[in-house]
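Here is what each chain is made of, one letter per residue.
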Amino acid sequence: EEIHTLLSDENIAEWAKEYRLRERLRFGPEVAASVDKSAELAALFKAYAGAVDRELGPAVLTKWIEDLINAPPPTEAQPPPTAPPPGPPVKAGAFSARLNEMSQLHKHKLDFKAESAGPSHNLTWTMHVFIDGAQEASGHGSSKAAAKEDAARMVCWKRNWKI
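Residues numbered from 1 in each chain as written. Predicted model: local features only at pLDDT ≥ 70, side-chain atom pairs only at ≥ 80, totals over all residues. Heavy atoms only, no water.

Looking up the protein chain in an unreviewed UniProt entry gives the name DRBM domain-containing protein, with the organism given as Auricularia subglabra.

See below:
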């Protein structure tokens, strides 16, 4: 009963209001009126939470929701981080090496898919990392190697595979 009450649309809509989710999202004026309803706010919050879980992992999602639930009323909960915090400089290729090492250790199948965009003299590369067939992260860079290293950095951060 307590969990059912905690996860009610009304409660989740309150979390969305505390996080000011409505103000943080962009949508057309024709949608604005429906976003004031508890059920719609709860649906938006659940979709946003799903995206946080997919991109940053369950540990980050759990911490963010705990902060929302436990935050005192006047204090706004901090948004989940969108990228790994900056750290000390590491050797070039260190994250790719760590990703390969940990994938072998845990017997994961590791795949990469590269995409490029922009004019041929100034391409921007995107590298997608797949672990056991599921997309884990994406990275961007001015070369394939830089994009791969950025993607590997994101995976290492999400999975807490420290260098």
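**Section: helix α5 (residues 38–56)**
This is how the line gets drawn: Think of it this way: any DSSP run of H or I at least four residues long counts as a helix, any run of E at least two long counts as a strand, and we number them from the N terminus. Expected span of a helix: the number of residues minus one, times 1.5 Å. Accessible area is worked out with a 1.4 Å probe on protein chains only. A residue is then buried under 20% of its type maximum, exposed over 50%, and partly exposed in between. Directions drawn from the helix axis to the C-beta atoms are what define this arc.
Taking 1.5 Å of rise per residue, the 19 residues of α5 would be expected to cover 27 Å, and the 26 Å separating its terminal C-alpha atoms lies within 8% of that figure. Among all positions of α5, only Leu-41, Ala-42, Phe-45, Ala-49, Val-52 and Leu-56 are buried. The arc that holds the buried residues of α5, viewed along the axis, is 95°, so those residues lie on one side. In the segment just after α5, Gly-57 is the residue with positive phi, at about 100°.

**With respect to the side chain of Asp-150**
Rules: Counting of polar contacts relies on pairs of N or O atoms within 3.5 Å, with two restrictions inside protein: one atom must be capable of donating a hydrogen and the other of accepting it, and residues adjacent in sequence are counted only when both atoms are side-chain atoms.
Along the chain, the position of Asp-150 falls in helix α8 (residues 144–158). Residue classification places Asp-150 among the buried residues on the basis of a relative accessible area of 17%. A distance of 2.6 Å separates the side chain of Asp-150 from the side chain of Arg-153, its partner in a polar contact.

**Comments concerning the pairing of strand β2 (residues 124–131)**
As a reminder of what qualifies: DSSP bridges decide pairing: two strands pair if at least two such bridges lie between them.
Along β2, six of the eight residues are buried, which leaves the element largely enclosed by surrounding structure. In this structure, strand β1 (residues 110–117) lies alongside β2, joined through eight bridges in antiparallel fashion. Along β2, the bridge assignment pairs Leu-110 with Ile-131. In textbook terms, the turn of a hairpin is the stretch between consecutive antiparallel strands, and for β1 and β2 this stretch comprises six residues, one of which, Gly-118, has a positive phi near 105°.

**Notes on the pairing of strand β3 (residues 134–141)**
In the sheet, β2 pairs with β3 via seven bridges, with the strands oriented antiparallel. Its bridge partner lying in β3, Val-129 is registered against Ala-137.

**So, unusual backbone geometry**
One non-glycine residue with positive phi stands out, namely Lys-107, at about 60°. With respect to the helices, strands and loops of the structure, Lys-107 is situated in the loop between α7 (94–105) and β1. Note on Lys-107: relative accessible area 73%, which makes it exposed. Even without being glycine, Asn-160 reaches a positive phi, approximately 60°. As for its position among the elements, Asn-160 is in the segment after α8.

**Digging into the environment of Phe-130**
For Phe-130, the location among the structural elements is in strand β2. When the C-alpha atoms of Phe-130 and Lys-109 are compared, they prove to be 7.9 Å apart, with 21 residues separating the residues in sequence.

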